[in-house]
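Spelled out from the first residue to the last, the chains are:
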Amino acid sequence: MVKAKINYNSDLLNSIVSDSELQQFNEAVAAAETALAKRSGPGNDFLGWLNLPKKTEKNTLAAIKAKATEIRDNADVLICIGIGGSYLGAKAAIEFLSPSFEALREKQVFFAGHSINSDYIADLLDLVEERSVAVNVISKSGTTTEPGIAFRIIRQWMEKRYGRKEAASRIIATTDSRKGALRQLANDEGYATFPIPDDVGGRFSVLTPVGLFPIAFTGFDINDLITGAADAVSFCKGHTVGDNMAGRYAAIRNILFRKGYTTEVLANFQPHFHFVGEWWKQLAGESEGKNNTGIFPATLDYTTDLHSLGQWMQQGIRNVFETFMVLGKTNENRKIPSFDDNKDELNYLANKSFEKINRAAFRGTLLAHIDGGVPSAVLTVDDRSALTLGQLFYFFEKAIALSGYMLRVNPFDQPGVEAYKKNMFALLGKKGSEALAATLAPRIKELGL
């Protein structure tokens, strides 16, 4: 029997969400689960992630690991170019599994293409000037603006430094298996490639080569990551909130949303969870925020943010609910020393571990926020292993998919993302955008932009 290394506990919500109310959502859970299983719901052509952990072949993982090892032997830095789901999953995994500081990591991954800023790209290239560099460019089409222009700069830098042929041997393209601008470029230049499955969208792609190659480059066991995700399939399925952990979380979110709690705060007490939260924000926000509905996803890093937004959480507008993400066991266990002079008056903490103090901070915050009217649940994550992280990734993917169907939206498209792109392309003079540019010009002038 599979051991769940994560646990979602909603018992603290009993005064707000009654058991009978939760049980009534079994029908919604069953309907959403059936729509996924039978591929009968909206966006059903993007469900490749659903059984991906169990279908990922060992030779696929072996090929990724072999290429990662080859690159590790020839480079100590990987520049990973992508935006949204093309980088957030890998970033989340690397930060979760690695030592806290980049300088302590044997192999370093730097990310580019997720912003438009000359200073950032110049500083990055200055940083790696004396390092041995490889590049992983990630884009299904190859024409996405942010990673596309970043890759142009970095490709030029690589070819100038190494020569075109050697640069090509150091560039790995993760892209469409058959078509697209990046696929054509990779074929022409001889880049090594890994395919992005046609039926997996970006925000669900962390367990594909999109996430797996950069994670493997850092030396972490992607087999464990996939095994953990495969284990989570068993406790994230079923037609009742009792059987299906992901379904229970999805149901709770929707019940609270219908009661007027329109923002979910995913709060953590460990710095290694920060980018897991950033990944979750995209997963939830891009999946659910459409048709003028959707739960707004926000994240907070405690105890740091208790000294900035703790006041708001305690006494601000009561449209938020909170999911506390708690780590069961850290890799280290440091205790507070005792000083005879006790000038800082902290000897009452002497011989207590950071973890004990952090646990008290979590409990104190949880109780305070409950007393302040914030509905709260707890998601416990056993440890910082790849196996546990695989379970966590799959749990959130499945839960957000179910939750999206409960909200009656397509969790697998993102039509709203195209709005800013169309305006930007028109303002930059892209061919075919002339008509839109003509309508935008007077608006820009009127707004004084």
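This report concerns the structure included in the present document. (Residues numbered from 1 in each chain as written. Predicted model: local features only at pLDDT ≥ 70, side-chain atom pairs only at ≥ 80, totals over all residues. Heavy atoms only, no water.)

Glancing now at the packing of aromatic side chains. Within a pair of aromatic rings, the relevant descriptors are the distance that separates the centres and the angle that separates the planes. A full pass over the atoms with the stated rule returns 21 aromatic pairs. Ring centres of Phe 204 and Phe 412 lie 5.4 Å apart, and the angle between their planes is 55°; on these two criteria the pair is classed as tilted. You can see Phe 204 sitting in the loop between β6 (192-195) and α10 (209-217) and its partner Phe 412 sitting in the loop between α16 (386-406) and α17 (417-427), a full 208 residues away along the chain. Of the two residues, Phe 204 and Phe 412, both sit in the buried class. The interplanar angle of 50° and the centroid separation of 5.3 Å between the aromatic rings of Phe 395 and Phe 396 together place this pair among those described as tilted. Of the residues examined, Phe 395 reaches a relative accessible area of 0% and is grouped as buried. (Phe/Tyr/Trp six-rings, centres within 6.5 Å; stacked < 30°, edge-to-face > 60°. Helix = DSSP H or I, 4+ residues; strand = E, 2+ residues; numbered from the N terminus. Buried < 20%, exposed > 50% of the residue type's maximum accessible area, 1.4 Å probe, protein only.)

Turning next to the sheet that holds strand β5 (residues 171-175). Here we have five strands laid out as an open sheet, ordered β3-β2-β4-β5-β6, and parallel in their pairing. The open sheet terminates on both sides in strands that have one partner only, identified here as β3 (108-112) and β6. Put simply, the sheet's adjacent strands are angled 20° from each other on average, direction ignored. Those strands touched by helix α6 (residues 118-127) are β2 (77-81) and β3, and its axis lies near 160° from that of β3. Lying over the sheet, helix α9 (residues 181-189) contacts β4 (133-138), β5 and β6, oriented at roughly 145° with respect to β5. (Pairing = 2+ DSSP bridges. Axes fitted to C-alpha atoms, helices over the stretch in contact; angles between N-to-C directions. Contact = heavy atoms within 4.5 Å.)

With that settled, consider the sheet that holds strand β7 (residues 263-268). The strand order across the open sheet built from five strands is β1-β10-β9-β7-β8, with neighbouring strands paired in mixed fashion. Among the strands making up the open sheet, the edge pair consists of β1 (6-9) and β8 (296-301). Sheet twist, expressed as the mean angle between neighbouring strand axes with direction ignored, is 20°. Sheet analysis places strand β9 (residues 320-327) next to strand β10 (residues 376-381), joined by six bridges and oriented parallel.

As a further point, take the environment of Leu 182. Relative to the assigned elements, Leu 182 resides in helix α9. The buried category is assigned to Leu 182, whose relative accessible area is 4%. With 65 residues separating them in the primary sequence, Leu 182 and Gly 247 have C-alpha atoms 38 Å apart. Those residues within four positions of Leu 182 in sequence are excluded, and the remaining contacts are Val 137, Ser 139, Ser 141, Gly 142, Phe 151, Ala 173, Thr 174 and Thr 175.

What follows deals with a negative patch on the surface. Side chains of Asp 119, Asp 123, Asp 126, Glu 129 and Glu 130 sit close together on the surface and give a patch of like negative charge. Following the sequence through the fold, Asp 126 ends up in helix α6. The class for Asp 126 is exposed, based on a relative accessible area of 58%. (Patch = residues over 30% accessible without salt bridge, like charges linked within 9 Å, V, L, I, M, F, W, Y side chains within 5 Å. Areas by Shrake-Rupley, 256 points an atom, 1.4 Å probe, with all protein chains shown as cover. Salt bridge = Lys/Arg side-chain N within 4 Å of Asp/Glu carboxyl O. Lys, Arg positive; Asp, Glu negative; His and termini not counted. Charge placed at Lys NZ, Arg CZ, Asp CG, Glu CD.)

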